[in-house]
Amino acid sequence: MAGSETPAPLVALRGVTKRFGEVVANNTVDIEIGRGEVVALVGENGAGKSTIVNMLSGVFPPDEGRIEIDGAAARFTSPGDAVAAGIGVVHQHYMLVPTLSALDNLALQASEIGLGRIDRAALGRRAGEVAERLGFSFERNQRIDSLDVAHQQRIEIIKALMHDVRLLVLDEPTAVLGAEDKARLFETIRELRSRGVSVVLITHKLDDVFAVADRAVILRNGAVAAMLAVEGLAPEIVVRHMVGSGDAPAVAGLAAPQGDDDGPIAVPEEHAAQVVCRVRDVTLHRPNGSVAVAGLSFDLRAGEIVAVAGVDGNGQGEFVRCMAGMERPAAGTIECFGLTSDRRDWTAARLRRHGVSHIPEDRRRSGIVADMSLAKNYLLSHLDRSDFSRFGLLRNRRLSEVVADRLVRYGVRARGSGDRMGNLSGGNQQKVVLARELDGDPHLILAAHPSRGLDLKTIDFVHTVLGEARAAGKAVLLLSSDIDEILALADRIVVFASGRSFGPARREDVDRRTIGGWIAGHADLPA
Ligand SMILES: Nc1ncnc2c1ncn2[C@@H]1O[C@H](COP(=O)(O)OP(=O)(O)OP(=O)(O)O)[C@@H](O)[C@H]1O
């Protein structure tokens, strides 16, 4: 307990331990968060970050240890208790109902945390005030699904700040944002700090740590590996603490300085070979029916990576789902492996049989089955594999061996191939999806944000695997909002922004500034 001269920290975790069965998700964690301090919480996938968020937001209590607020033990039995104590959380997967308006979402939260009778007019006024202070706009009647991801995030932030928030927890807020929206988010964080609000920022990106945090708390295997002041800190030190000694990756994830754009891209000789997909005059609509892209045409060839870049919500998701046979374009056609999108045989199952693999954007909705084992989740894309069945019966042992091997190769933190998918941390679930989709012999890999939410070591690994796939003559369509990833991997780049598409441009003909400009919708930059 702090003495009378030293004020107690705003929030403290004292000896917090949380177990899930045999897994120790947090192991005697001690963290203090000061008033008006921005603390970055970093660590590899499965290190225990979300578990801390869940305890701070009242989803579940610690098994041992306690959370203190202003030096007094706090006992949260529900998310409402955490809100009442001044803790607001913006979760990684937004909790907004897409078909409702911004104001309806705020009213829904108010009813969920039991605020009694809801005065919509007062809620609207309050939201307007919060928005104005942060320089956001708040259109109370605007439906959430008509907003891009950055604006949805702003509604989430307003929602979290509707009450007297003293600590705002942001769970991987930058993962979905382009450079401009990220810079705006950092401004918002600084603005909150200047008003004495503390912020916990969960991130895998070292850039974020150095851009905005005062202190970095590094978790490893559920325990605090280091707590470091950011000023004067070298990125390598953070990486070393994250991964432990020995196998630290090069400091990927830290943006290359402006102008350092000549990453080594060896284009294979046979590059101009076979066209795998023809995209012709394709029009894509956003979920709210507005035109995201019209007149998109290009060929995707074997042995190349074409990146579709842009801020989420500009039609990229719809495009990949069309390519995967889950949707059809609003107009125009896509032709792959003799199948055409305006015919009835344009289905996900048929495309998959022709060798299309799909790392989906929304893992939780279309990538995994949480209640099934890791082995069964892997099997979902490998039902045709002959070595997994004999006389029509599943060879469980063979399947388990293969999946166990992939868990090791992809560094998945799990108890084994029989573990339930829903028990894994988000990043580890993504690794299982990657192992499943990159395995076998796909001819076309649709990779939607393959490294989102992954730790540095795994990002390196995923980039290597995609590069190998390209060298082996596979076509890769990469969806990414991360310019570093795009510049490191792509042979050609298409950008979707502001209702139109830019490119495709060859990697060697564009630089960071041009791509960034296109993403921001500036048409005046050279193509
Ligand atoms: N509900 C649960 N049931 C069983 N195990 C769980 C549960 N939630 C988390 N775990 C386990 O606790 C450990 C820590 O997970 P946590 O989600 O906190 O990690 P994280 O650092 O947020 O990872 P990521 O970066 O991948 O999101 C993991 O091994 C995970 O499998």
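Remember, predicted model here, so these are calculated numbers, not experimental data.

Asker: So what exactly am I meant to see when it comes to the overall build of the protein here?
Answerer: Regarding its fold elements, the protein presents 17 helices and 22 strands. Each of the 527 residues in the protein was classed as buried or not, and the buried ones make up 46%. Long-range pairs, those at least 24 residues apart, make up 68% of the contacts in the protein with a sequence separation of at least 6.

Asker: Just to check I follow, could you spell out the site of the ligand for this structure?
Answerer: With respect to spatial proximity, 18 residues lie near the ligand, and among them Phe 20, Ala 25, Ser 50, Ser 425 and Gly 427 are the closest. Where the shell around the ligand is concerned, the elements lending two or more residues are strand S2 (23–33), helix H1 (49–56) and helix H14 (426–438). Taken together, the residues that form the shell around the ligand break down as five nonpolar, 11 polar and two charged.

Asker: What is the right way to read the confidence of the model for the protein from this model?
Answerer: Caution applies to low-pLDDT parts of the model: their predicted coordinates are not meant to be read in detail. On average, the protein scores 84 in pLDDT, and the residues at 70 or more come to 89%. Mean pLDDT across the secondary structure elements of the protein bottoms out at helix H11 (residues 363–367), with 68, and peaks at strand S8 (residues 198–202), with 96. For residues 246–268, every residue scores under 50 in pLDDT, and the model assigns this stretch 36 contacts once sequence neighbours within four places are set aside. Both scores are available for the predicted complex, with the pTM at 0.76 and the ipTM at 0.98.

Asker: I keep staring at the sheet that holds strand S10 (residues 223–229) and nothing clicks. Help me out?
Answerer: The pairing of strands in a sheet happens through backbone hydrogen bonds and is either parallel or antiparallel. The six strands lie next to each other as S6-S7-S8-S3-S9-S10, forming an open sheet whose pairing is mixed. The open sheet has two free edges, formed respectively by strand S6 (87–90) and S10, since each of these has just one partner strand. Ignoring which end each strand starts from, the neighbouring axes of this sheet average 20 degrees apart. With four bridges joining them, S6 and strand S7 (residues 167–171) adopt parallel strand pairing.

Asker: Sorry if this is basic, but what is going on with the sheet that holds S2 here?
Answerer: Read across the open sheet, the four strands follow the order S2-S1-S4-S5; overall the sheet is antiparallel. Of all strands in the sheet, those bounded by a partner on one side alone are S2 and strand S5 (72–74). Taking each pair of neighbouring strands and ignoring which way they run, the sheet shows an average axis angle of 35 degrees. In the sheet, strand S1 (residues 11–20) pairs with S2 via seven bridges, with the strands oriented antiparallel. Bridging across to S2, Phe 20 finds its partner in Val 23. Docked against the sheet, H1 engages S1, S2 and strand S4 (64–69), running at close to 65 degrees with respect to S2.

Asker: How should unusual backbone geometry be read in this particular structure?
Answerer: For residues other than glycine, phi is negative in most cases, and the peptide bonds are mostly trans. Cis geometry marks the peptide bond from Gly 503 to Pro 504, where omega comes out at 5 degrees. Its place among the elements puts Pro 504 in strand S22 (residues 500–506). In the Ramachandran plot, Glu 172 falls in the positive-phi region, its phi being about 45 degrees despite a non-glycine side chain. Turning to its location among the elements, Glu 172 is positioned in the loop between S7 and helix H6 (179–194).

Asker: What's the story with the environment of Leu 103 in this structure? I'm lost.
Answerer: Residue position: Leu 103 is located in helix H3 (residues 102–112). Leu 103 sits in the partly exposed class, given 19 other C-beta atoms within 10 Å. For the pair Leu 103 and Pro 235, spaced 132 residues apart in sequence, the C-alpha separation works out to 41 Å. Once residues lying within four places of it in the same chain are set aside, the contact partners of Leu 103 are Arg 120, Leu 123, Gly 124, Arg 140 and Asn 141.

Asker: Mind showing me how you'd approach the pairing of S22 here?
Answerer: Two faces make up the sheet, and in a regular strand the side chains alternate between them. Two elements, strand S21 (residues 492–497) and S22, share five bridges in a ladder whose sense is antiparallel. Counterpart to Arg 492 in the pairing with S22 is Arg 506. Hairpin connection from S21 to S22: two residues lie between these consecutive antiparallel strands, with Ser 498 at a positive phi of about 50 degrees.

Asker: For this particular structure, what's the right way to read helix H5 (residues 149–160)?
Answerer: Three- or four-residue spacings in an α-helix give side chains the same orientation, since the helix completes a turn every 3.6 residues. The end-to-end C-alpha separation of H5 is 16 Å, in line with the 16 Å expected for 12 residues at 1.5 Å each. With nine of 12 residues buried, H5 is to be regarded as a mostly interior element. Residues of H5 that are buried include every one of Gln 152, Gln 153, Arg 154, Ile 155, Glu 156, Ile 157, Ile 158, Lys 159 and Ala 160, and no others.

Asker: Explain the pairing of strand S3 (residues 38–43) here, please?
Answerer: Counting buried positions along S3 yields six of six residues, so the element is predominantly enclosed. Along S3, one buried face is formed by Val 38, Ala 40 and Val 42 and the opposite face, lined by Val 39, Leu 41 and Gly 43, is buried too. In terms of strand pairing, S3 meets S8 through four bridges, oriented parallel. Across the sheet, the residue bridging to Leu 41 is Ile 202, located in S8. Looking at chain direction, S3 and strand S9 (residues 215–220) are connected through five bridges and run parallel. Pairing of Val 42 across the sheet is with Ile 218, part of S9.

Asker: Would you mind going over H6 with me for this structure?
Answerer: With 16 residues, H6 extends 23 Å between its outermost C-alpha atoms, agreeing within 8% with the 22 Å of an ideal straight helix rising 1.5 Å per residue. Taken together, the buried positions of H6 are Asp 181, Lys 182, Leu 185, Thr 188, Ile 189 and Leu 192. Buried residues of H6, viewed axially, fall in a sector of 115 degrees; they line one side. Counted as exposed and oriented over 90 degrees from the buried face of H6: Ala 183 and Ser 194. If you follow the buried residues of H6, they end up packed against S3, helix H4 (120–134), H5, S7, S8 and helix H7 (206–212).

Asker: Please clarify how the environment of Ala 448 should be interpreted in this entry.
Answerer: Here Ala 448 shows up in strand S19 (residues 444–448). Judged by local crowding, Ala 448 falls into the buried class, with 25 C-beta atoms found within 10 Å. A C-alpha to C-alpha distance of 5.5 Å links Ala 448 and Pro 360, two positions 88 residues apart in sequence. Sequence-distant contacts of Ala 448, that is, excluding residues within four places in its chain, are made with Val 320, Ile 359, Pro 360, Glu 361 and Leu 479.

Definitions and cut-offs
Numbering of residues begins from 1 in every chain and follows the order in which that chain's sequence is written. Residue-level local features of this predicted model are given only where pLDDT is at least 70; pairs of side-chain atoms are given and counted only at 80 or more, and the full residue set underlies all totals for whole chains, interfaces and linings. Strands here mean DSSP runs of E at least two residues long; helices mean DSSP runs of H or I at least four residues long; both are numbered from the N terminus. Whether a residue is buried, exposed or partly exposed follows from its count of other C-beta atoms within 10 Å of its own C-beta, namely 20 or more, 12 or fewer, or something in between, respectively; the C-beta atoms are built from the backbone. Whether two residues are in contact is decided by their C-beta atoms, placed from the backbone, lying within 7 Å. Should the C-beta atom of a residue, placed from the backbone, lie within 6 Å of a molecule or strand, that residue is near it. Each residue gets one of three labels, nonpolar for Ala, Val, Leu, Ile, Met, Phe, Trp, Tyr, Cys and Pro, charged for Asp, Glu, Lys and Arg, and polar for the others, Gly among them. Per-residue confidence from the prediction method is given by pLDDT, with values spanning 0 to 100. Strand pairing follows a simple DSSP-based rule, namely that at least 2 bridges must link the two strands. Comment: axis = line fitted to C-alpha atoms, over the contacting stretch for helices; angle = value between 0 and 180 degrees taken between N-to-C directions. The span you would expect from a helix comes to 1.5 Å times its residue count less one. To be clear, the arc concerns the directions from the helix axis to the C-beta atoms.

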